[in-house]
Amino acid sequence: MAAQEKKASSAASTRQATLAVDGKTVTFPVYDGVEGPSVFDISKLYAETGLFTFDSGFMSTASCESKITFIDGDAGILRYRGYDIDMLAEKSDFLEVSYLLLNGDLPNVAQKKEFDRTITLHTMIHEQLHFLYRGFPRASHPMAVMAGAAASLAAFYHDSLDVNDVAQRELSAFRLIAKMPTLAAMAYKYSVGQPFIYPQNDMGFAENFLNMMFATPCEKYTVNPVLARAMDKILILHADHEQNASTSTVRMAGSSGANPFACMSAGIASLWGPAHGGANEAVINMLREIGDVKHIPEFITKVKDKNSNVRLMGFGHRVYKNYDPRAKVLRSTLEEVLAELGKIDEPLLKIAIELERIALSDEYFVSRKLYPNVDFYSGIIYRAMGIPSKMFTVLFAVARTAGWIAQWKEMMDDPKNKIARPRQLFTGSQPRPFVPVEKR
Ligand code: ACO
């Protein structure tokens, strides 16, 4: 018997779960992870009982086994490969974190130098891709451009499309981490009608990105190091987040053997939604709509009204029922950025701080454990940096590419990987005869 057929998980089974249904008792192995809730493996449930489980929204379902990221939402903990997120944000840089996510350990000096150099050498994109951009209307949402551009990389880089070849998988990972900032900055430059700015190999990752965003060929542009460091921190904080909607989408697309560029495009599509990566853009829209601190009480009343469909954007999280640890780091980063830019009196910031104060003390939010999430602050920082709100989710995609590709690689490296094919509870029509259109 092949190793992968022996058991569904590489974790140890210590206990059994027993299910009694229709007079039959069935047992399932329980696997304990290193941390976090244990799982019981129900992959044989259908064969033994003829039943499926039903868990819309994956409220109680682990979709895979992973060694990359750990979250304890009740305690407000996020770790990449065992390292606390605030430690990484403080002491590491985005490329080092990308190496960590991909390889499992932090690099030594030589490995870091080589990785940084490799990524740097892949930042340029095929010149022909410029024509793809020119086909889009200038008013396109940059996420639409990014979804198309990411998928189109598969049309250019044929030498890294064989998903069964470990070296090609790695090459695709390098290309994606390196090229996403270039594609993102091009989406912005195209939208404002400015020339594309080529990547600069002597700049750091975040610095190069800001340069591609804001430099023009007409005059010398120097990236502010405080902003470059803030951007690098934001990238670290967004790099991975366990099996969220977009990461699960990437894994699901990849489970069929689709190439990694196509999978990233699927991830971008999922990230675009306002309940996920689109929330930071929604936060700024919400702050603008409120307009003034004096309108906050009226807005909070609407938020609490179930019939209004209005939510306090940037608050609440499916997993964190405590302060989002990334939001904590970003709150102090926001202060650093605003102090550097002399924008400490930014009116939207005043509204944000007041909303935060109310939400942390109001019974409605406290009882539902609705704390600020990462998106609450990232949008305000981006805005202070001069990044337009349509680009916010694009920046999330640039950062999350590291996590998406690490998760995709982990899945592809796993011999137990099989196509993800959920089942359903069918509640549609009974069988019925076809009636020709003229007789309906
Ligand atoms: N404002 C007001 N009420 C809220 C909010 C909010 N932001 N979030 C949740 N609630 C309320 C719900 O109305 C519900 O109340 P009820 O129990 O009286 O019916 C309760 O809190 C639980 O909410 P759910 O929707 O069941 O929580 P879920 O885990 O499904 O949703 C989500 C999580 C989608 C993030 C939600 O909190 C939300 O919409 N937040 C605003 C959007 C946002 O900031 N998204 C970013 C997420 S982080 C990220 O993607 C990086």
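Just above sits the structure.
Let me sum up the structure you'll find in this document. Given the structure is predicted, the values throughout are model-derived calculations rather than measurements. (Residues numbered from 1 in each chain as written. Predicted model: local features only at pLDDT ≥ 70, side-chain atom pairs only at ≥ 80, totals over all residues. Heavy atoms only, no water.)

## Some thoughts on the pairing of strand S2 (residues 24–31)
- With 8 bridges connecting them, strand S1 (residues 13–21) and S2 associate as antiparallel partners. Within S2, the residue paired with Thr18 across the bridge is Thr27.
- Hairpin connection, S1 to S2: the antiparallel pair is bridged by 2 residues, and Asp22 has positive phi, about 50°.
- As defined by bridge partners, S2 adjoins strand S3 (residues 39–40) across 2 bridges and the pair is classed as antiparallel. Bridge pairing in S3 links Tyr31 to Val39. (Pairing = 2+ DSSP bridges. Helix = DSSP H or I, 4+ residues; strand = E, 2+ residues; numbered from the N terminus.)

## Here we look at the sheet that holds S1
- Spatially, 3 strands are ordered S1-S2-S3 in an open sheet, and the strand pairing comes out antiparallel. The open sheet has two free edges, formed respectively by S1 and S3, since each of these has just one partner strand.

## Brief notes about the site of the ligand
- Near the ligand lie 21 residues; those nearest to it are Arg311, Leu312, Gly314, Phe315 and Arg318.
- Contact between the ligand and Gly314: an oxygen atom at 2.9 Å from a main-chain N or O atom of the residue.
- One of the side-chain nitrogen or oxygen atoms of Tyr364 is found 3.0 Å away from a nitrogen atom of the ligand.
- In the complex, 75% of the free accessible area of the ligand, which totals 930 Å², lies under the protein chains.
- Class assignment of the residues belonging to the shell around the ligand gives a composition of 10 nonpolar, 5 polar and 6 charged. (Near = heavy atom within 4 Å. Polar contact = N/O pair within 3.5 Å; in protein donor to acceptor, adjacent residues only side chain to side chain. Areas by Shrake-Rupley, 256 points an atom, 1.4 Å probe, with all protein chains shown as cover. Nonpolar A, V, L, I, M, F, W, Y, C, P; charged D, E, K, R; others polar.)

## A few points about the packing of aromatic side chains
- Taken as a whole and judged by the stated rule, the model has 14 aromatic pairs.
- A ring pair is formed by Phe115 and Phe174, whose centres lie 5.9 Å apart and whose planes are at 75°; its orientation type is edge-to-face. One end of the pair, Phe115, is in helix H5 (residues 109–121); the other, Phe174, is in helix H8 (residues 166–192), and 59 residues separate them in sequence.
- In this structure Phe115 comes out as buried when scored by relative accessible area, which is 5%.
- By relative accessible area, which is 14% here, Phe174 ends up buried.
- Ring plane angle 75° and centroid distance 5.0 Å describe the contact between Tyr364 and Phe365, whose orientation is recorded as edge-to-face. Here Tyr364 and Phe365 have matching classes, each one buried.
- The cationic tip of Arg138 hangs over the ring face of Tyr190; the distance from NZ or CZ to the ring centre is 4.2 Å.
- The ring of Tyr364 carries Arg368 above its face, with NZ or CZ at 3.9 Å from the centroid. (Phe/Tyr/Trp six-rings, centres within 6.5 Å; stacked < 30°, edge-to-face > 60°. Buried < 20%, exposed > 50% of the residue type's maximum accessible area, 1.4 Å probe, protein only. Lys NZ or Arg CZ within 6 Å of the ring centre and 35° of its normal.)

## Regarding the nonpolar core
- One finds Tyr133, Met231, Leu287, Leu312 and Leu355 to be the most contacted residues of the largest nonpolar core, which totals 117 residues.
- Ranked by residue count, the leading element in this core is helix H19 (residues 392–413), at 14 residues.
- When neighbours within four sequence positions are excluded, Leu312 is seen to be in contact with Met286, Phe299, Ile300, Val303, Leu355, Ala359 and Phe365. (Core = buried A, V, L, I, M, F, W, Y, C linked by side-chain atoms within 4.5 Å. Contact = heavy atoms within 4.5 Å.)

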